[in-house]
Amino acid sequence: MNNRLEEIRKKHGIKQEELARALEVSRQTIGSLENGRYNPSILLAFKIARYFELNIEEIFIYEEEEKE
Amino acid sequence: MKKIYTAYLLAAVGIGLLAVGVYFIKTIDDLQGLLAVLPYLSVGIGCVIFGHGMGEIVLQHASNRDPAAAKDLEIEKKDERNIAISNRAKAKSYDMMIFLISALLFAVAIMGIDLLLLLLFAFTYFFIIMYTTYYRYKYYKEM
């Protein structure tokens, strides 16, 4: 799953620390989400979407794996 | 507030068990079999309970002194990624523990070790397996 979190966060002029504090998660979690190393739970995905007043699909992009 | 009282109670119980254990170790020296182990067990459990209680007391006092740091600590504790990492590490170590205990059980069985000790190992292994089975069934019904 890809996401546009970093792009959206920067567009809003928010630091990782500020976003982490608002969402009540660690700064490392925000970093991992932005790098695509960690996929959030559906609850955290909703919290992020609500924070930016967007739909989940506008932040997180689900890509089905190509079958060979 | 209730948490700190519990912590003080735990620390007091720990000290009590420790004191009882040390007293029996110093005064009684002709205990046989399992009874001989009891004072040492009391000291061990007392130390663990005291340590846990003291840890909680220190944590509560530090939290009261610096609420911002306490909030950060709580966020770190409840952070879903940290919990996922911890759970994954625990799952890995569980698999390793099961493998090691079964290997150890087999090794002590062929070494002809005392039957009581062998049964203790076997019971521990069985208990862990049953504990896992119980929670697997519980979560299966819940989810």
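Residues numbered from 1 in each chain as written. Chains lettered and ligands numbered in written order. Predicted model: local features only at pLDDT ≥ 70, side-chain atom pairs only at ≥ 80, totals over all residues. Heavy atoms only, no water.

What follows is about the overall build of chain B. Along chain B, the regular secondary structure elements total 5 helices and 0 strands. If you list the helices and strands of chain B from N to C, you get α-α-α-α-α. The C-alpha radius of gyration of chain B comes to 21 Å, more than 25% above the 15 Å expected for a compact globule of 143 residues. Within chain B, residue pairs in contact and separated by at least 24 positions form 63% of the contacts whose partners lie at least 6 positions apart. With the model as given, the accessible surface of chain B reaches about 11200 Å², and the carbon-plus-sulfur share is 72%. Here chain B contributes 14 positively and 12 negatively charged side chains, and the mean placements of these two sets differ by 6 Å. (Helix = DSSP H or I, 4+ residues; strand = E, 2+ residues; numbered from the N terminus. Rg over C-alpha atoms; globule rule 2.2 N^0.38 Å. Contact = heavy atoms within 4.5 Å. Areas by Shrake-Rupley, 256 points an atom, 1.4 Å probe, with all protein chains shown as cover. Lys, Arg positive; Asp, Glu negative; His and termini not counted. Charge placed at Lys NZ, Arg CZ, Asp CG, Glu CD.)

Note on pairing: side chains with opposite charge can pair once their charged atoms come close. Applying the stated criterion across every chain yields a total of 7 salt bridges over all chains. One salt bridge connects A:Glu24 with B:Lys71, and the closest N-O pair in it is separated by 2.8 Å. One end of the pair, A:Glu24, is in the loop between helix H2 (16-23) and helix H3 (27-35); the other, B:Lys71, is in helix H3 (residues 67-78), on a second chain. Taking the shortest distance from any N to any O, the salt bridge between B:Glu142 and B:Lys138 comes out at 3.3 Å. One end of the pair, B:Glu142, and the other, B:Lys138, are both in helix H5 (residues 115-142), 4 residues apart, so they sit about a helical turn from each other. Residue B:Glu142 is classed as exposed on the basis of its relative accessible area of 52%. (Salt bridge = Lys/Arg side-chain N within 4 Å of Asp/Glu carboxyl O. Buried < 20%, exposed > 50% of the residue type's maximum accessible area, 1.4 Å probe, protein only.)

A word on the environment of B:Ile110. Position of B:Ile110 relative to the elements: it lies in helix H4 (residues 80-110). Residues B:Ile110 and B:Lys78, 32 residues apart in the sequence, show an inter-C-alpha distance of 46 Å.

Once that is clear, we can look at the side chain of A:Ser32. Mapped onto the secondary structure, A:Ser32 falls in helix H3. Assessed through its relative accessible area of 2%, A:Ser32 is described here as buried. At 3.1 Å, the side chain of A:Ser32 forms a polar contact with the side chain of B:Arg81. Look past the residues within four positions of A:Ser32 in its chain and what remains in contact with it is A:Arg37, A:Tyr38 and B:Arg81. (Polar contact = N/O pair within 3.5 Å; in protein donor to acceptor, adjacent residues only side chain to side chain.)

Turning our eyes to something else, we now look at the UniProt feature "domain: HTH cro/C1-type" (unreviewed entry) in chain A. Annotation from UniProt places "domain: HTH cro/C1-type" (unreviewed entry) at residues 5-59 of chain A. Helix and strand shares over residues 5-59 of chain A are 69% and 0% respectively, and the end C-alpha atoms of the span are 6 Å apart. (UniProt positions renumbered as here; feature names shortened; annotations may be inferred.)

For the rest of this paragraph, the subject is the nonpolar core. Residues and elements named next belong to chain A. Membership of the largest hydrophobic core comes to 18 residues, with the highest contact counts inside it found for Leu5, Leu19, Ile30, Leu33, Ile48, Phe52 and Ile59. Only helix H1 (5-11), H2, H3, helix H4 (42-51) and helix H5 (56-59) provide two or more residues apiece to this core. Per-element tally for this core: the top contributor is H4, with 4 residues. (Core = buried A, V, L, I, M, F, W, Y, C linked by side-chain atoms within 4.5 Å.)

Residue and element names in this part refer to chain A. The backbone of glutamate 24 shows a phi angle near 60°, a positive value even though the residue is not glycine. Judged by relative accessible area, glutamate 24 falls into the partly exposed class, the value being 40%. Residues other than glycine seldom take positive phi values, yet glutamate 53 does so here, at roughly 55°. Counting through the fold element by element, glutamate 53 comes out in the loop between H4 and H5. Classification of glutamate 53 as exposed rests on a relative accessible area of 72%.

Listed by partner, the interface residues are 8 residues for chain B and 11 residues for chain A. Where chain B abuts chain A, roughly 870 Å² becomes buried across the two surfaces, and 42% of that area is made up of carbon and sulfur atoms. By the criterion of area lost to chain A, the three top residues of chain B are B:Ile75, B:Glu80 and B:Arg81, representing 63% of everything that side buries. Inspection of the chain B/chain A interface yields 2 salt bridges. (Buried area = accessible area lost by both parts, 1.4 Å probe.)

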